[in-house]
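# Structural characterization, general
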Amino acid sequence: MRQFLKYTVSAVATMTLAGAAFAADYTMRISHQFPPSHPIPILLEEFAKDVAASTDGKVDVKLYGGASLFKPNQQHAAVASGEIEAAIILSIQWGGSLPEMAVTQLPFLMGSIDAEEQFTKSKAAEELTKLALKKGVQNIAWILDAPDEIFTSSKHPLDAPSKFKDVKMRGYNKLFDASLIAMGANPVSMPGSEVYQALQTGVVDAAVTAPKAAFTRKYSEVQKYGVIIPVFPVFDNLMVNPAWWKGLPDDLRNAIQKAADKAAKSSFDEFRRSGPQDVKNLEEAGMEIKVISDQKTLDEFKAVMYEPVRDAFFKSVGAKEGQRLIDLISQ
């Protein structure tokens, strides 16, 4: 028995030491708000694997989804203060903390996936990254969350500006909602997780979201019509704490950046592949889908939607600064 205990204790000690030997030198906790079925958590899982492989396990990426650690409006402060190393912050959720980011929401400023990807490498994107750093967070990736929007409705397809009159619908935020109001809609603010029930109970009759989100959140069960239109892209900014980021050895920081660049590229490539499938999925689920791509109709929407959002943007950042950012994107 003594011999057995001796070997048992020795084995436990050996396993403990082995575990310590293989423990990661650094932990990168990433907070995000997405449910497991959303494409972004799947992409982040691949990012975590890439980081582990390229750093020989020295960096352990831990993912905390479904707003389990921080609510969307708490992510910025949590990363800036160092409560967590990283978080995904949607470009439409910066609000007053980084109002310049709203330039990406100007309707029809970027009209294709290629233009959206070019933006991520532009001087405008560099400028927004610099501004974010001044707010205490370091942006290391522009991940595409949605290249376009879908206007869903229970009563009729929202395929022309005039169709929005008196429609009570879930919007995105105050800035974008200015364009919905200009078309005659009555936008209501609510988290994405609450929209299905609101549509089901008639609290709202319509909504705007990403086509993938409309499918994964099963809008087809409570909405008959869907109109897909390239109004503006939604990006997921992978933000890290600057002190933590600078404190990493160069080789590990470079490995993480390379994995982040791969994740960003994958997000664009995925949408290029999956766009038609998103339409098919919604149609097979029972929705009547219309994809608007003709320039005449796009121009009709832009004529009504662009100026209200631009004016609201100018009000938040100043006309001179706002126009400078618009010009950088338009170059």
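In this text, all values refer to a predicted model and were calculated from it rather than measured experimentally. (Residues numbered from 1 in each chain as written. Predicted model: local features only at pLDDT ≥ 70, side-chain atom pairs only at ≥ 80, totals over all residues. Heavy atoms only, no water.)

We now examine the nonpolar core. The tendency in soluble globular proteins is for nonpolar side chains to be buried as a group. The biggest cluster of nonpolar side chains holds 54 residues, and the ones touching the most others in it are Met-28, Phe-47, Phe-151 and Ile-256. Not counting the four nearest positions on each side in its chain, Ile-256 is found in contact with Met-28, Phe-47, Val-51, Val-59, Ile-140, Trp-244, Trp-245 and Leu-248. Counting residues in each nonpolar core, the second largest holds 38 residues, with Ile-113, Phe-119, Phe-268 and Tyr-306 among its members. (Core = buried A, V, L, I, M, F, W, Y, C linked by side-chain atoms within 4.5 Å. Buried < 20%, exposed > 50% of the residue type's maximum accessible area, 1.4 Å probe, protein only. Contact = heavy atoms within 4.5 Å.)

Here the focus is the packing of aromatic side chains. Throughout the structure, instances matching the rule amount to 10 aromatic pairs. Between Phe-119 and Trp-142 the ring centres are 5.1 Å apart and the planes differ by 80°, which places this aromatic pair in the edge-to-face class. Taken together, the residues span a long stretch of sequence, with Phe-119 in helix H4 (residues 113-120) and Trp-142 in strand S4 (residues 138-146) at a distance of 23 residues. Of the two residues, Phe-119 and Trp-142, both sit in the buried class. Plain terms: the ring middles of Phe-313 and Phe-314 are 6.3 Å apart, the flat faces sit at 40° to each other, and that makes the pair tilted. In this pair, the class of Phe-313 matches that of Phe-314, namely buried. One aromatic cluster is present, formed by Phe-119, Trp-142 and Phe-235 through successive ring pairs. (Phe/Tyr/Trp six-rings, centres within 6.5 Å; stacked < 30°, edge-to-face > 60°. Helix = DSSP H or I, 4+ residues; strand = E, 2+ residues; numbered from the N terminus.)

Turning to helix H12 (residues 319-330), a few remarks are in order. Compared with the 16 Å implied by 1.5 Å per residue over 12 residues, the 16 Å span of H12 between its first and last C-alpha is a close match. The elements touched by buried residues of H12 are H4, helix H5 (123-134) and helix H11 (295-317). (Expected span 1.5 Å × (residues − 1).)

Spatial ordering of the open sheet is given by S7-S6-S8-S5-S9-S11, a layout of 6 strands whose pairing is mixed. Where the open sheet ends on each side, the last strands, each with one partner, are strand S7 (186-188) and strand S11 (288-291). The sheet shows a mean angle of 25° between the axes of neighbouring strands, direction not considered. Where strand S5 (residues 149-153) meets strand S9 (residues 225-229), 5 bridges bridge the pair, whose relative direction is antiparallel. Pairing of Phe-151 across the sheet is with Val-227, part of S9. (Pairing = 2+ DSSP bridges. Axes fitted to C-alpha atoms, helices over the stretch in contact; angles between N-to-C directions.)

For the rest of this paragraph, the subject is the environment of Gln-223. Mapped onto the elements of the fold, Gln-223 is located in the loop between helix H8 (211-216) and S9. Side-chain polar atoms of Gln-223 contact the side chain of Thr-152, separated by 2.7 Å. (Polar contact = N/O pair within 3.5 Å; in protein donor to acceptor, adjacent residues only side chain to side chain.)

Summary statistics for the chain give a mean pLDDT of 91 and a share of 93% for residues scoring 70 or more. Across residues 1-21 the pLDDT falls below 50, and counting only partners more than four positions away or on other chains, this stretch makes 0 contacts in the model. (pLDDT = per-residue confidence, 0-100.)

Regular strands have side chains that alternate between both faces of the sheet. Counting buried positions over the 5 residues of strand S3 (residues 86-90) gives 5, a clear majority of the element. On S3, burial covers both faces: Ala-86, Ile-88 and Leu-90 on one face and Ala-87 and Ile-89 on the other are all buried. Strand direction decides the pairing type here: strand S1 (residues 26-31) and S3, joined by 2 bridges, are parallel. Directly across from Ser-31, in S3, lies its bridge partner Ala-87. Where S3 meets strand S10 (residues 234-240), 5 bridges bridge the pair, whose relative direction is antiparallel. Following the sheet pairing, Ala-87 is matched in S10 by Met-239.

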